[in-house]
Amino acid sequence: MDDERTDRTEPVQDGEPRRRISRKNVLKAAVAAVPLPMLLGGVALARDTKPSEGPLTPTPYCDDGDDPTPPQMEGPYFKPNSPLRDSLIQPGTQGTRLTVSGFVFGLTCQPLANVLLDWWQADVNGAYDNVGFRFRGHQFTDQRGAFKLTTIVPGLYPGRTRHLHVKLQAPNQPILTTQLYFPGEPRNNTDPIFDPALLMNVRQNGSAKEASFDFVLRVRGGTTPTPTGKPTEPPGGTWSAGTDYRAGDQVTYDGATYACLQPHTARAGWEPPSVPALWRRT
């Protein structure tokens, strides 16, 4: 059993409860057990959902002051060093195709670029690959704060409802570990850690499914755009923005040595001390 438990009572911060009732959470709670065909565009997102049939808007509007996305435990199946990719589909992959898209916002509704999203999930039979990296991968939001993942609907296993795992980290910010859920799942009512605030908006598209979800991180303002031109090098170190690093590569930064944990292209704001998901001090 994927024993993933979390205290859903949030602490008080700045004199106010961290979790407030928002339009999104009320609507998601209301549709938690509604059959999927009724959910076409019915769940509120952090952005304006009016153009639901078209592409993601170039500058999305964050419209209802949503609380930060709630965290959940990572469970026993997380593995570091996942490959950089936005599709988890491989030759011979079985299961219902699923695309998950959305935006990552900060507290001021500013879309966040260069946010790391590290995904992992069960296969169609409800099993996790603990030897290789099937159904595991990481990606970054683009300059609009947008992301898109291509995968399959995960299978079920005892004790849990259907879900996706993800870790998010904006440059120089803490890691958010959470899970995403599917509306209309009978086990949503019996899963001990299911949270309706983490329901995706899911619709059928032929034989495949399309899902959307907007994350809100505890970040104020925007993030630094991807650097262009000549890569920079920090004083007294070999780490350099714009360099492609592989797992196991070593760099120095500010007098310390770090080992790369995941393949990635270095960016301003992703210096080794700031991103423990990518670098480990040796």
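Residues numbered from 1 in each chain as written. Predicted model: local features only at pLDDT ≥ 70, side-chain atom pairs only at ≥ 80, totals over all residues. Heavy atoms only, no water.

An unreviewed UniProt entry lists the chain under the name Dioxygenase, from Streptomyces paromomycinus.

A. Here's a closer look at the confidence of the model for the chain. Overall, the predicted model of the chain reaches an average pLDDT of 79, with 71% of residues at or above 70. Within the model, the stretch residues 30–42 combines pLDDT values under 50 with 26 contacts to residues more than four positions away or in other chains. Taken together, the stretch residues 49–56 has pLDDT below 50 and engages in 8 contacts with residues farther than four places along the chain or on a different chain. (pLDDT = per-residue confidence, 0-100. Contact = heavy atoms within 4.5 Å.)

B. The arrangement of the sheet that holds strand 13 (residues 250–253) in detail. Strand order across the open sheet formed by 3 strands is 13-14-16, with antiparallel pairing between neighbours. Whereas interior strands pair on both sides, the edge strands pair on one side only; in this sheet they are strand 13 and strand 16 (279–281). When strand polarity is set aside, the average angle formed by the axes of neighbouring strands in this sheet is 35 degrees. Bridge count for strand 13 against strand 14 (residues 256–260) is 4 bridges, and the pairing is antiparallel. (Pairing = 2+ DSSP bridges. Helix = DSSP H or I, 4+ residues; strand = E, 2+ residues; numbered from the N terminus. Axes fitted to C-alpha atoms, helices over the stretch in contact; angles between N-to-C directions.)

C. Main features of the environment of Leu199. As for its placement among the helices and strands, Leu199 is situated in the loop between strand 8 (175–181) and strand 9 (201–205). Given the relative accessible area of 0%, Leu199 is considered buried. Spatially, the C-alpha atoms of Leu199 and Pro183 are 6.2 Å apart, while their sequence positions differ by 16 residues. (Buried < 20%, exposed > 50% of the residue type's maximum accessible area, 1.4 Å probe, protein only.)

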